[in-house]
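# Close look at the chain arrangement
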Amino acid sequence: MAEAVLVDLFGLKLDSQQICHQTLLKTLNGIHCHHAPKAKFLCIMCCSYVTQERDDEQGLCDWEAGNGFSLLMRDFETVSNPSMAASLYTIKQKIDERNLSHIKVIVPEHRKSFMKAFIDQLFTGVYDFEFEDLQVAWRESLLKPATEINAPTTHQLEEIQNEIETYLRGLPALKGDLTIIRSPLIPDIFIHGFTTRTGGISYIPTLSSLNLFSSSKRRDPKVVVQENLRRLANAAGFNAEKFYRIKTDHANEVWVMGKKEPESYDGIVTNQRGVTITALGADCIPIVFADPVKTVCGVAHSGWKGTLLGVAMATVNAMTAEYGCNLEDIIVVLGPSVGPCCFTLPRESATSFHNLHPSCVRQLDSLNPYVDIRKATRILLERGGILPQNIQDQKGDLDLCTSCHPDKFFSHVRDGLNFGTQIGFICIRE
């Protein structure tokens, strides 16, 4: 059974004859009686402005104040906007506020394909949609479709995409201004930084607001993440069209850009100018590498598994092997991650960190000792030949625990499965 029911009356025109109003009222009343016992959200979507072809024609929302409609509206929420993008995004917010996922859309047959095109952009695999034809007695003087039944053309799909992107660009930033944490060790020939959670448009509490990763398991759609990325690119000065994320596997594979891309990898290295490479983080460490002598950069995603597998040094080794970088020239900056104050592992896994160095673990005798993945990463980098002074893992908000600072960072440990993602990024200036 649907948890939310959306009735699409967007753009429909009504004749002023009373029979038309009564027909629609009867239809809506039937929908309410059928779904109200179990649905947690009943909504009517209509257009706040419709060009009238005749003096006796009205858009639904011009008419809702009278003809018995106001009584029915006690049972439905009405969302009225001049654009489909604005209306559906508002409805999505209301659905997300209630944490609902199963949605029935009752839509005129001629609009179903257009509705699906908008939904594909604004929702993710978290949501389950069921479509039903809006059954109203069609007659020339009654409820009238604006168009014939046709699938959207390529041009119309582009217009839908543009409408959504334009709407999202106009939304205000949430939780404050966009903030980028930078390291003084990395020279200005590179554009680099680590993001916090502020300055984006994602509104779901655990994703708000500069979430930079979308998946079928999260409620943030790609188009919202892309808008967050656009705002970050404008603030940082990189090209969002040349932007590459690590395809995380919690291992130590490194992609040398220009060679065949692996199916998954936790490191990237490149000497290409104008290309931004990024490592994801939400407790795992996003690591940025820079060699200003050879003009080479890299990124790595280092969770506890990747740390033990040596992903940081695997990235360094790729820089030296592929581009001739010297160890003493490579700068490594560790972005914000979960600290030893909040991160625990089962004793068997924690023992591997203790074997690396005892200072990486606290309370080893407990069932779930506390583990310091940052200290372990520094130890492995120094053992691999990176100069201690070329490693920055403290100061300038870099060493703040992501779990301890909900105002600044996303955290899987703190927020659970529907967590947001921050990134570390670097680019060689063109």
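An account of the accompanying structure is given in this report.

What counts, and at which threshold
Residues numbered from 1 in each chain as written. Predicted model: local features only at pLDDT ≥ 70, side-chain atom pairs only at ≥ 80, totals over all residues. Heavy atoms only, no water. Helix = DSSP H or I, 4+ residues; strand = E, 2+ residues; numbered from the N terminus. Buried < 20%, exposed > 50% of the residue type's maximum accessible area, 1.4 Å probe, protein only. Contact = heavy atoms within 4.5 Å. Areas by Shrake-Rupley, 256 points an atom, 1.4 Å probe, with all protein chains shown as cover. Salt bridge = Lys/Arg side-chain N within 4 Å of Asp/Glu carboxyl O. Expected span 1.5 Å × (residues − 1). Arc of directions from axis to C-beta. Pairing = 2+ DSSP bridges. Axes fitted to C-alpha atoms, helices over the stretch in contact; angles between N-to-C directions. 1 Å grid on protein atoms, 1.4 Å probe; cavity = no way out; pocket = protein on both sides within 12 Å on 5 of 7 lines; lining within 4 Å. Points joined across faces, edges and corners; volume = space filled by probe spheres on them. Nonpolar A, V, L, I, M, F, W, Y, C, P; charged D, E, K, R; others polar.

### Concerning the overall build of the chain
What the chain contains, in helices and strands, is 12 helices and 20 strands. The buried share of the chain, taken over its 430 residues, is 53%. Long-range contacts, defined as pairs at least 24 residues apart, comprise 71% of the intrachain contacts of the chain with a sequence gap of at least 6. As displayed, the chain has an accessible area near 18900 Å², and 49% of this comes from carbon and sulfur atoms.

### Brief notes about the pattern of salt bridges
Under the counting rule described, the total for this entry stands at 18 salt bridges. A salt bridge links K94 to E77; the nearest nitrogen and oxygen atoms lie 3.1 Å apart. With K94 in helix 4 (residues 84–97) and E77 in strand 5 (residues 77–81), the pair connects residues that are 17 residues apart, well separated along the chain. Using a relative accessible area of 27% as the deciding quantity, one classes E77 as partly exposed. In this structure, the salt-bridge partner of K242 is E430, at a minimum N-O distance of 3.9 Å. You can see K242 sitting in the loop between helix 7 (222–236) and strand 10 (243–245) and its partner E430 sitting in the segment after strand 20 (422–428), a full 188 residues away along the chain. Judged by relative accessible area, E430 falls into the exposed class, the value being 73%.

### Some thoughts on unusual backbone geometry
Of note, the bond from S208 into S209 is cis; its omega dihedral lies within 30 degrees of zero at 5°. Topologically, S209 is positioned in the loop between strand 9 (190–195) and helix 7. Of note in the backbone geometry, D283 takes a positive phi value of approximately 110° without being a glycine. For D283, a relative accessible area of 5% translates into the label buried. Even without glycine at this site, T295 takes up a positive phi of about 55°.

### Details of helix 6 (residues 154–169)
Helix length check: helix 6, at 16 residues, gives a terminal C-alpha distance of 23 Å against a target of 22 Å (1.5 Å per residue), a fit within 8%. Taken together, the buried positions of helix 6 are I160, I164 and L168. Buried residues in helix 6, looked at end-on, bunch into an arc of 65°, giving them a common side.

### Notes on the sheet that holds strand 12 (residues 267–270)
Sheet strands pair by backbone hydrogen bonding; their relative direction is either parallel or antiparallel. The mixed open sheet is built from 6 strands, whose spatial order is 11-12-15-14-16-19. Only two strands of the sheet have a single neighbouring strand rather than two, namely strand 11 (254–256) and strand 19 (391–392). As paired strands, strand 14 (residues 285–291) and strand 16 (residues 331–334) are joined by 4 bridges and run antiparallel to one another. Along strand 16, the bridge assignment pairs V288 with V333. The sheet strands contacting helix 9 (residues 311–323) are strand 11, strand 12, strand 14 and strand 15 (296–302), and the helix crosses strand 15 at an angle near 160°.

### Notes on the sheet that holds strand 1 (residues 4–8)
The sheet built from 5 strands is open, its strands ordered 5-3-1-6-7 with parallel pairing. At either end of the open sheet lies a strand with only one pairing partner, and these are strand 5 and strand 7 (128–133). Shown here is a sheet whose adjacent strand axes are inclined to one another by a mean of 20°, direction ignored. Pairing geometry for strand 1 and strand 3 (residues 41–47), over 5 bridges, is parallel. Considered in strand 3, the bridge of L6 is made with C43. This element, helix 5 (residues 112–122), spans strand 1, strand 3, strand 6 (102–107) and strand 7 of the sheet and lies at about 165° to strand 7.

### Focus on the layout of surface pockets
Estimates place the volume of the largest pocket at around 730 Å³. What lines the largest pocket is a set of 26 residues, and nearest its centre among them are H250, C284, H301, H412 and F419. Going through the elements one at a time, strand 13 (276–281), helix 8 (304–309) and helix 12 (412–415) are the ones with two or more residues in the lining of the largest pocket. Of the residues assigned to the lining of the largest pocket, the class counts are 12 nonpolar, 9 polar and 5 charged.

### A few points about empty space enclosed by the protein
Following the criterion strictly, the structure yields 3 cavities of 30 Å³ or more and no others. Of the volumes computed, that of the largest cavity is approximately 40 Å³. For the largest cavity, the full set of lining residues is S302, G306, T307, G310, V311, A312, M313, T377 and L380. Listing elements by their share of the lining of the largest cavity, those giving two or more residues are helix 8, helix 9 and helix 11 (373–383). Per-element tally for the lining of the largest cavity: the top contributor is helix 9, with 3 residues. For the lining of the largest cavity, a count of residues per class yields 4 nonpolar, 5 polar and no charged.

### Digging into helix 9
Here helix 9 spans 18 Å end to end across 13 residues, near enough to the 18 Å set by a 1.5 Å rise per residue. Taken residue by residue, helix 9 has V311, A312, M313, T315, V316, A318, M319 and Y323 as its buried positions. Those residues of helix 9 hidden inside the fold are in contact with strand 11, strand 12, strand 14, strand 15, helix 8 and helix 11. G324, located one to two residues past helix 9, shows a positive phi value of around 70°.

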